[in-house]
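# Structural overview
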Amino acid sequence: MRLILTLLFLAAMPAHAWQATTDGRLCVLTHSEAQGDVRLTYDPAGPAYSITLRRPAPWPDAPVLALRFDGPRGLTSTTDRHVMADANTSLTVTDRGFGNVLNGLEFNDEATALIGDQTTRFPLKGAAPEVRIFRDCTVAGLV
């Protein structure tokens, strides 16, 4: 009986997997957790990459956003070009290159967004194969 209840409980939990897809001409990489969502896009028309980090609580208004990647190929990337939206619960960075971000997602264990005095962590378990699909999409235009 406990096994059945456990399986029913696990089946009812939302999936937290990384997923590479397309949305029209955009290549998209998404991940959702209770603490927030991550959405990367690549638009070949720009060409431009974007990353949007969304969470239930507002992000603080601060001049610098850092993305720290912890793991075997750890690195930290910073920017002052983030834009807030949706009552500061969403922040987006757009750039022509995202090599450091993609490497951080693919080759590490955890990503942490740091802005002001707040941090939000995103586990990277299962991200690597989906990041490779996303990279292939940016070259071929297909997922």
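Each remark here, short or long, concerns the structure printed above.
Residues numbered from 1 in each chain as written. Predicted model: local features only at pLDDT ≥ 70, side-chain atom pairs only at ≥ 80, totals over all residues. Heavy atoms only, no water.

## A look at the pairing of strand 10 (residues 118-123)
Cut-off, in case you're wondering: A pair of strands is labelled paired if DSSP reports no fewer than 2 bridges between them. The numbering of helices and of strands both runs from the N terminus, where a helix is a DSSP run of H or I of at least 4 residues and a strand a run of E of at least 2.
Of the strand pairs in this sheet, strand 9 (residues 110-115) and strand 10 are connected by 6 bridges, and their pairing is antiparallel. When the bridges of strand 10 are listed, Glu-110 appears paired with Pro-123. A loop of 2 residues connects strand 9 with strand 10, the two strands running antiparallel in sequence, and Gly-116 in this loop sits at a positive phi of about 60°.

## With respect to the sheet that holds strand 6 (residues 75-79)
In plain terms, the rule: Interaxial angle, 0 to 180 degrees, is taken between N-to-C directions of lines fitted to C-alpha atoms, where a helix line uses only the stretch in contact. Residue contacts are defined here by distance: any two heavy atoms, one from each residue, within 4.5 Å place the two residues in contact.
Read across the open sheet, the 4 strands follow the order 6-5-9-10; overall the sheet is antiparallel. The sheet terminates laterally at strand 6 and strand 10, the two strands that pair on one side only. Taking the axes of each pair of neighbouring strands and ignoring which way they run, one obtains an average angle of 15° across the sheet. Together, strand 5 (65-70) and strand 6 form the strand contacts of helix 2 (residues 99-107), whose direction differs from that of strand 5 by roughly 35°.

## Focus: the sheet that holds strand 8 (residues 90-95)
Spatial strand order, 1-2-3-4-8-7: 6 strands in an open sheet with antiparallel pairing. Edge positions in the sheet fall to strand 1 (19-23) and strand 7 (83-85), since each of these pairs with one other strand and no more. On average, adjacent strands in this sheet sit at an angle of 20° to one another, irrespective of strand direction. Here 3 bridges tie strand 7 to strand 8, and the two strands are oriented antiparallel to one another.

## Some details on the environment of Asp-43
Cut-off, in case you're wondering: Counting of polar contacts relies on pairs of N or O atoms within 3.5 Å, with two restrictions inside protein: one atom must be capable of donating a hydrogen and the other of accepting it, and residues adjacent in sequence are counted only when both atoms are side-chain atoms.
Inspection of the secondary structure assignment puts Asp-43 in strand 3 (residues 36-43). For the pair Asp-43 and Val-28, spaced 15 residues apart in the sequence, the C-alpha separation amounts to 9.1 Å. Within the local environment of Asp-43, its side chain forms a polar contact with the side chain of Arg-25, the two groups lying 2.8 Å apart.

## Digging into the packing of helix 2 against helix 3 (residues 127-140)
Relative orientation of the contacting elements helix 2 and helix 3 amounts to 145°, with a least axis distance of 7 Å. Every residue of helix 3 that contacts helix 2 at Leu-102, Asn-103, Leu-105, Glu-106 and Phe-107 is listed here: Ala-127, Ala-128, Val-131, Arg-132, Phe-134 and Arg-135.

## Comments concerning the pattern of salt bridges
Defined as follows: For this analysis, a salt bridge means a side-chain nitrogen from Lys or Arg found within 4 Å of a carboxyl oxygen belonging to Asp or Glu.
Counted under the stated rule, the structure contains 8 salt bridges. One salt bridge in this structure joins Arg-25 and Asp-43, with 2.8 Å as the shortest N-O distance. Of this pair, Arg-25 sits in the loop between strand 1 and strand 2 (26-33) while Asp-43 is found in strand 3, placing the two residues 18 residues apart along the sequence. Here Arg-135 ties to Glu-106 by a salt bridge, and the two come within 2.9 Å at their closest N and O atoms.

## Regarding unusual backbone geometry
In most cases, non-glycine residues show a negative phi, while peptide bonds are predominantly trans. Between Gly-46 and Pro-47 the backbone carries a cis peptide bond, its omega angle lying at -15°. Here Pro-47 shows up in the loop between strand 3 and strand 4 (48-54). Here the phi dihedral of Asp-86 falls at roughly 50°; this positive angle occurs in a residue that is not glycine. Following the sequence through the fold, Asp-86 ends up in the loop between strand 7 and strand 8. Positive phi, close to 65°, is recorded for Asn-88, a residue that is not glycine.

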